[in-house]
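Overview (structure and organization)
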Amino acid sequence: MGAEPAPVRQLRADQARRVADVLRHQIHAGAFDEVLPTEQQLATEHSASRNTVREALALLKDEGLIDRAPKVGTRVATRKYDHGLDALLGLQETLKGHGTVRNEVRAAQLITAPPAVARRLGLELGQRVVYLERLRYLADLPLSLDLTYLVPDIGAEVLADDLENTDIFVLLEKISGRSLGRADLALEAIAADPHTASTLDTPDGAPLLMLERLTRLDDGRPVDLEYIRMRGDRITMRGSLSRGASEWKVL
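Scoring rules and cut-offs
Once a new chain begins, its residue numbering starts again from 1 and follows that chain's sequence as written. In view of the model being predicted, local features appear only for residues whose pLDDT reaches at least 70, and side-chain atom pairs are presented and counted only at 80 or more, with totals across whole chains, interfaces and linings using the full set of residues. With hydrogens and water set aside, each side-chain value is computed from the structure's full complement of heavy atoms. Numbering of helices and strands runs from the N terminus; a helix is a DSSP stretch of H or I covering at least four residues, while a strand is a stretch of E covering at least two. Residue exposure (1.4 Å probe, protein chains only): buried if accessible area is under 20% of the type maximum, exposed if over 50%, otherwise partly exposed. Whether two residues are in contact is decided by their heavy atoms, any of which lying within 4.5 Å being enough. Whether two strands pair comes down to DSSP finding at least two bridges between them. Each direction from the helix axis to a C-beta atom contributes to the arc, which is the arc of those directions. The residues that make up patches have over 30% relative accessible area and no salt bridge, and they are joined within 9 Å when like-charged or within 5 Å when they are Val, Leu, Ile, Met, Phe, Trp or Tyr. Computed by Shrake-Rupley with a 1.4 Å probe, the accessible areas treat only the displayed protein chains as cover when residues are assessed. Salt bridge criterion: a side-chain nitrogen from Lys or Arg within 4 Å of a carboxyl oxygen from Asp or Glu. A helix is expected to span 1.5 Å multiplied by its residue count minus one.

You'll find the protein chain entered in an unreviewed UniProt entry as GntR family transcriptional regulator, with Nocardia xishanensis given as the organism.

1. So, the side chain of T74
Along the chain, the position of T74 falls in strand 2 (residues 73-76). For T74, a relative accessible area of 5% translates into the label buried. Sequence-distant contacts of T74, that is, excluding residues within four places in its chain, are made with E34, V35, L36, L57, I66, D67 and R68.

2. Focus on the pairing of strand 9 (residues 222-231)
Among the 10 residues that make up strand 9, nine are buried, leaving the element largely enclosed by the rest of the structure. One ladder, built from seven bridges, connects strand 6 (residues 141-150) with strand 9; its direction is antiparallel. Pairing of Y149 across the sheet is with L225, part of strand 9. Relative to strand 9, strand 8 (residues 207-217) runs antiparallel, the two sharing nine bridges. By the bridge assignment, T215 is partnered in strand 9 with D224.

3. Details of helix 7 (residues 168-176)
Listed in full, the buried residues belonging to helix 7 are I168, F169, L171, L172 and I175. Viewed end-on, helix 7 has its buried residues packed into an arc of 160°, placing them on one side of the element. Of the surrounding elements, those touching the buried residues of helix 7 are strand 5 (128-138), strand 6, helix 6 (152-159), strand 7 (180-191), strand 8 and strand 9. Just downstream of helix 7 lies G177, where phi reads positive at about 75°.

4. Examining a nonpolar patch on the surface
A grouping of L85, L185 and L187 is seen on the molecular surface, where their side chains present a nonpolar patch of about 210 Å² in accessible area. Topologically, L185 is positioned in strand 7.

5. Thoughts on helix 1 (residues 12-28)
Because each turn of an α-helix spans 3.6 residues, side chains separated by three or four positions end up pointing in the same direction. Helix length check: helix 1, at 17 residues, gives a terminal C-alpha distance of 24 Å against a target of 24 Å (1.5 Å per residue), a fit within 8%. Along helix 1, the residues that are buried comprise A16, V19, A20, L23, Q26, I27 and H28. Looking at the packing, one finds that the buried side of helix 1 touches helix 2 (39-45), helix 3 (50-62), strand 1 (66-69), strand 2 and strand 10 (235-238). Where helix 1 terminates, the next one or two residues include G30, which has phi positive at roughly 80°.

Here it is as C-alpha coordinates:
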(Lines give C-alpha, C1' and ligand atoms only; values in the text may rest on other atoms or scores of the structure.)
Protein backbone atom coordinates (compact mmCIF):
# COMPACT_ATOMS: atom_id res chain seq x y z
CA MET A 1 0.00 0.00 0.00
CA GLY A 2 1.20 3.50 -0.84
CA ALA A 3 1.77 6.19 1.71
CA GLU A 4 -1.17 8.40 2.53
CA PRO A 5 -1.00 11.84 0.90
CA ALA A 6 0.26 14.57 3.17
CA PRO A 7 -2.47 16.95 4.37
CA VAL A 8 -2.63 20.22 2.48
CA ARG A 9 -2.25 23.27 4.69
CA GLN A 10 -5.24 25.55 4.24
CA LEU A 11 -5.39 29.25 4.88
CA ARG A 12 -7.89 30.37 7.50
CA ALA A 13 -9.82 32.15 4.74
CA ASP A 14 -10.20 28.82 2.92
CA GLN A 15 -11.47 27.14 6.07
CA ALA A 16 -13.86 30.02 6.75
CA ARG A 17 -15.31 29.73 3.28
CA ARG A 18 -15.87 26.01 3.81
CA VAL A 19 -17.67 26.62 7.11
CA ALA A 20 -19.74 29.43 5.56
CA ASP A 21 -20.91 27.14 2.74
CA VAL A 22 -22.28 24.58 5.19
CA LEU A 23 -23.92 27.22 7.39
CA ARG A 24 -25.47 28.96 4.39
CA HIS A 25 -27.16 25.73 3.35
CA GLN A 26 -28.40 25.15 6.88
CA ILE A 27 -29.88 28.65 7.04
CA HIS A 28 -31.72 28.20 3.75
CA ALA A 29 -32.91 24.73 4.80
CA GLY A 30 -34.37 26.10 8.06
CA ALA A 31 -32.00 24.19 10.31
CA PHE A 32 -31.93 27.13 12.73
CA ASP A 33 -35.17 28.58 14.05
CA GLU A 34 -33.85 32.10 14.60
CA VAL A 35 -30.57 31.92 16.54
CA LEU A 36 -27.43 30.13 15.38
CA PRO A 37 -25.27 28.08 17.78
CA THR A 38 -22.51 29.91 19.64
CA GLU A 39 -19.07 30.43 18.11
CA GLN A 40 -17.64 27.74 20.38
CA GLN A 41 -20.35 25.26 19.42
CA LEU A 42 -19.76 25.96 15.72
CA ALA A 43 -16.01 25.67 16.17
CA THR A 44 -16.43 22.25 17.77
CA GLU A 45 -18.92 21.08 15.13
CA HIS A 46 -16.67 22.12 12.23
CA SER A 47 -13.33 21.22 13.86
CA ALA A 48 -12.23 24.81 13.36
CA SER A 49 -10.90 27.64 15.48
CA ARG A 50 -13.18 30.37 16.81
CA ASN A 51 -11.34 32.87 14.61
CA THR A 52 -12.21 30.77 11.57
CA VAL A 53 -15.85 30.65 12.65
CA ARG A 54 -15.85 34.43 13.13
CA GLU A 55 -14.58 34.90 9.58
CA ALA A 56 -17.26 32.51 8.25
CA LEU A 57 -19.98 34.41 10.09
CA ALA A 58 -18.58 37.70 8.76
CA LEU A 59 -18.99 36.37 5.22
CA LEU A 60 -22.62 35.47 5.89
CA LYS A 61 -23.24 38.84 7.51
CA ASP A 62 -21.86 40.59 4.41
CA GLU A 63 -24.33 38.55 2.34
CA GLY A 64 -27.17 39.82 4.53
CA LEU A 65 -28.10 36.33 5.80
CA ILE A 66 -27.37 36.94 9.48
CA ASP A 67 -27.22 39.71 12.07
CA ARG A 68 -24.79 39.75 14.98
CA ALA A 69 -25.05 41.74 18.20
CA PRO A 70 -23.49 41.53 21.68
CA LYS A 71 -25.60 39.65 24.25
CA VAL A 72 -28.05 38.70 21.46
CA GLY A 73 -25.90 36.33 19.46
CA THR A 74 -26.11 35.49 15.79
CA ARG A 75 -29.59 35.54 14.31
CA VAL A 76 -31.00 34.66 10.91
CA ALA A 77 -31.74 37.94 9.10
CA THR A 78 -33.32 36.74 5.85
CA ARG A 79 -34.24 33.46 4.23
CA LYS A 80 -34.35 32.67 0.54
CA TYR A 81 -37.18 31.10 -1.43
CA ASP A 82 -36.49 27.94 -3.40
CA HIS A 83 -37.18 28.03 -7.14
CA GLY A 84 -37.08 24.58 -8.74
CA LEU A 85 -35.00 23.75 -11.79
CA ASP A 86 -36.51 20.30 -12.33
CA ALA A 87 -40.19 21.23 -12.71
CA LEU A 88 -41.87 23.61 -15.16
CA LEU A 89 -43.76 25.88 -12.76
CA GLY A 90 -44.74 29.53 -12.67
CA LEU A 91 -43.79 31.77 -9.77
CA GLN A 92 -47.22 31.52 -8.15
CA GLU A 93 -47.00 27.74 -8.24
CA THR A 94 -43.40 27.79 -7.00
CA LEU A 95 -44.12 30.04 -4.01
CA LYS A 96 -47.48 28.55 -3.07
CA GLY A 97 -47.77 28.65 0.69
CA HIS A 98 -45.33 31.54 1.12
CA GLY A 99 -47.78 34.35 0.37
CA THR A 100 -49.51 36.15 -2.47
CA VAL A 101 -47.66 36.67 -5.74
CA ARG A 102 -48.81 39.70 -7.71
CA ASN A 103 -47.59 41.31 -10.91
CA GLU A 104 -47.07 44.94 -11.80
CA VAL A 105 -47.55 44.98 -15.58
CA ARG A 106 -45.07 47.52 -16.94
CA ALA A 107 -45.56 46.74 -20.65
CA ALA A 108 -48.07 44.66 -22.61
CA GLN A 109 -48.04 45.24 -26.36
CA LEU A 110 -47.51 43.91 -29.87
CA ILE A 111 -44.04 44.54 -31.29
CA THR A 112 -42.01 43.37 -34.26
CA ALA A 113 -39.98 40.43 -33.05
CA PRO A 114 -36.20 40.96 -33.01
CA PRO A 115 -34.72 38.44 -35.49
CA ALA A 116 -33.14 36.34 -32.71
CA VAL A 117 -36.49 36.14 -30.89
CA ALA A 118 -38.35 35.23 -34.08
CA ARG A 119 -35.94 32.38 -34.74
CA ARG A 120 -36.25 31.01 -31.19
CA LEU A 121 -40.07 31.08 -31.45
CA GLY A 122 -40.13 29.54 -34.94
CA LEU A 123 -41.63 32.66 -36.53
CA GLU A 124 -40.98 34.43 -39.82
CA LEU A 125 -38.62 37.39 -39.71
CA GLY A 126 -40.56 40.60 -39.24
CA GLN A 127 -43.53 38.83 -37.64
CA ARG A 128 -45.18 40.46 -34.65
CA VAL A 129 -45.05 39.03 -31.12
CA VAL A 130 -46.63 39.97 -27.82
CA TYR A 131 -44.13 41.58 -25.45
CA LEU A 132 -44.75 41.68 -21.68
CA GLU A 133 -42.71 43.21 -18.91
CA ARG A 134 -43.78 42.41 -15.36
CA LEU A 135 -42.35 43.26 -11.97
CA ARG A 136 -43.26 40.36 -9.72
CA TYR A 137 -43.85 40.68 -6.00
CA LEU A 138 -44.30 38.33 -3.09
CA ALA A 139 -46.60 40.49 -0.95
CA ASP A 140 -44.68 43.80 -0.99
CA LEU A 141 -41.26 42.31 -1.76
CA PRO A 142 -40.07 42.69 -5.39
CA LEU A 143 -38.56 39.35 -6.44
CA SER A 144 -38.11 39.36 -10.21
CA LEU A 145 -38.34 41.42 -13.38
CA ASP A 146 -39.69 39.28 -16.23
CA LEU A 147 -39.39 40.16 -19.94
CA THR A 148 -41.56 37.84 -22.02
CA TYR A 149 -42.10 37.27 -25.77
CA LEU A 150 -45.17 35.24 -26.79
CA VAL A 151 -46.22 33.85 -30.17
CA PRO A 152 -48.90 36.16 -31.60
CA ASP A 153 -51.93 33.87 -31.81
CA ILE A 154 -51.77 32.84 -28.17
CA GLY A 155 -50.23 36.08 -26.94
CA ALA A 156 -53.10 38.20 -28.27
CA GLU A 157 -55.51 36.36 -25.98
CA VAL A 158 -53.08 36.58 -23.07
CA LEU A 159 -53.24 40.38 -23.39
CA ALA A 160 -56.97 40.29 -22.68
CA ASP A 161 -56.62 38.15 -19.55
CA ASP A 162 -55.72 38.85 -15.91
CA LEU A 163 -51.98 39.49 -16.12
CA GLU A 164 -51.78 41.04 -12.67
CA ASN A 165 -52.80 37.93 -10.77
CA THR A 166 -52.15 34.95 -13.04
CA ASP A 167 -48.99 33.09 -14.10
CA ILE A 168 -48.30 33.14 -17.84
CA PHE A 169 -47.96 29.35 -17.78
CA VAL A 170 -51.54 28.99 -16.55
CA LEU A 171 -52.78 31.30 -19.32
CA LEU A 172 -50.81 29.49 -22.01
CA GLU A 173 -52.40 26.17 -21.13
CA LYS A 174 -55.89 27.65 -20.82
CA ILE A 175 -55.72 29.49 -24.15
CA SER A 176 -53.94 26.83 -26.19
CA GLY A 177 -55.94 23.93 -24.76
CA ARG A 178 -52.69 22.01 -24.41
CA SER A 179 -50.30 21.23 -21.59
CA LEU A 180 -46.85 22.72 -21.43
CA GLY A 181 -44.20 20.21 -22.44
CA ARG A 182 -40.62 21.22 -21.74
CA ALA A 183 -38.35 24.22 -21.56
CA ASP A 184 -34.79 24.95 -22.61
CA LEU A 185 -33.07 27.18 -20.09
CA ALA A 186 -29.82 28.91 -19.25
CA LEU A 187 -28.98 30.37 -15.85
CA GLU A 188 -26.20 32.82 -15.10
CA ALA A 189 -25.19 35.39 -12.53
CA ILE A 190 -25.21 39.07 -13.49
CA ALA A 191 -24.82 42.35 -11.63
CA ALA A 192 -27.83 44.63 -11.33
CA ASP A 193 -27.58 47.69 -13.55
CA PRO A 194 -28.75 50.93 -11.88
CA HIS A 195 -32.23 50.89 -13.47
CA THR A 196 -32.89 47.23 -12.65
CA ALA A 197 -31.50 47.72 -9.14
CA SER A 198 -33.92 50.57 -8.55
CA THR A 199 -36.81 48.54 -9.95
CA LEU A 200 -36.04 45.52 -7.74
CA ASP A 201 -35.21 47.66 -4.69
CA THR A 202 -31.69 46.28 -4.43
CA PRO A 203 -28.26 48.00 -4.47
CA ASP A 204 -26.48 48.84 -7.73
CA GLY A 205 -24.32 45.90 -8.74
CA ALA A 206 -26.16 43.47 -6.47
CA PRO A 207 -26.07 39.84 -7.66
CA LEU A 208 -29.00 38.76 -9.78
CA LEU A 209 -29.90 35.39 -11.25
CA MET A 210 -30.65 35.74 -14.97
CA LEU A 211 -32.84 32.92 -16.28
CA GLU A 212 -33.39 32.59 -20.03
CA ARG A 213 -36.19 30.12 -20.71
CA LEU A 214 -37.80 28.96 -23.96
CA THR A 215 -40.99 27.05 -23.16
CA ARG A 216 -42.79 24.66 -25.51
CA LEU A 217 -46.22 23.09 -25.55
CA ASP A 218 -46.50 19.32 -25.28
CA ASP A 219 -46.52 19.08 -29.09
CA GLY A 220 -43.06 20.69 -29.18
CA ARG A 221 -44.17 24.12 -30.41
CA PRO A 222 -42.17 27.00 -28.83
CA VAL A 223 -44.57 29.63 -27.49
CA ASP A 224 -42.85 31.60 -24.73
CA LEU A 225 -39.36 33.13 -24.55
CA GLU A 226 -38.50 34.77 -21.23
CA TYR A 227 -35.60 36.71 -19.74
CA ILE A 228 -36.09 36.76 -15.98
CA ARG A 229 -33.94 38.74 -13.56
CA MET A 230 -34.31 37.40 -10.01
CA ARG A 231 -32.91 38.81 -6.80
CA GLY A 232 -29.98 36.65 -5.79
CA ASP A 233 -30.45 37.58 -2.14
CA ARG A 234 -34.00 36.23 -2.10
CA ILE A 235 -34.13 33.23 -4.45
CA THR A 236 -32.15 30.00 -4.60
CA MET A 237 -32.40 27.74 -7.65
CA ARG A 238 -32.68 24.07 -6.69
CA GLY A 239 -33.14 20.83 -8.58
CA SER A 240 -32.39 17.11 -8.70
CA LEU A 241 -30.21 15.85 -11.54
CA SER A 242 -29.53 12.34 -12.76
CA ARG A 243 -26.46 10.91 -14.48
CA GLY A 244 -28.56 9.52 -17.31
CA ALA A 245 -28.15 12.39 -19.78
CA SER A 246 -26.19 11.10 -22.76
CA GLU A 247 -24.95 14.41 -24.09
CA TRP A 248 -24.24 17.96 -23.01
CA LYS A 249 -24.78 20.92 -25.28
CA VAL A 250 -24.85 24.68 -25.21
CA LEU A 251 -28.34 25.97 -25.97
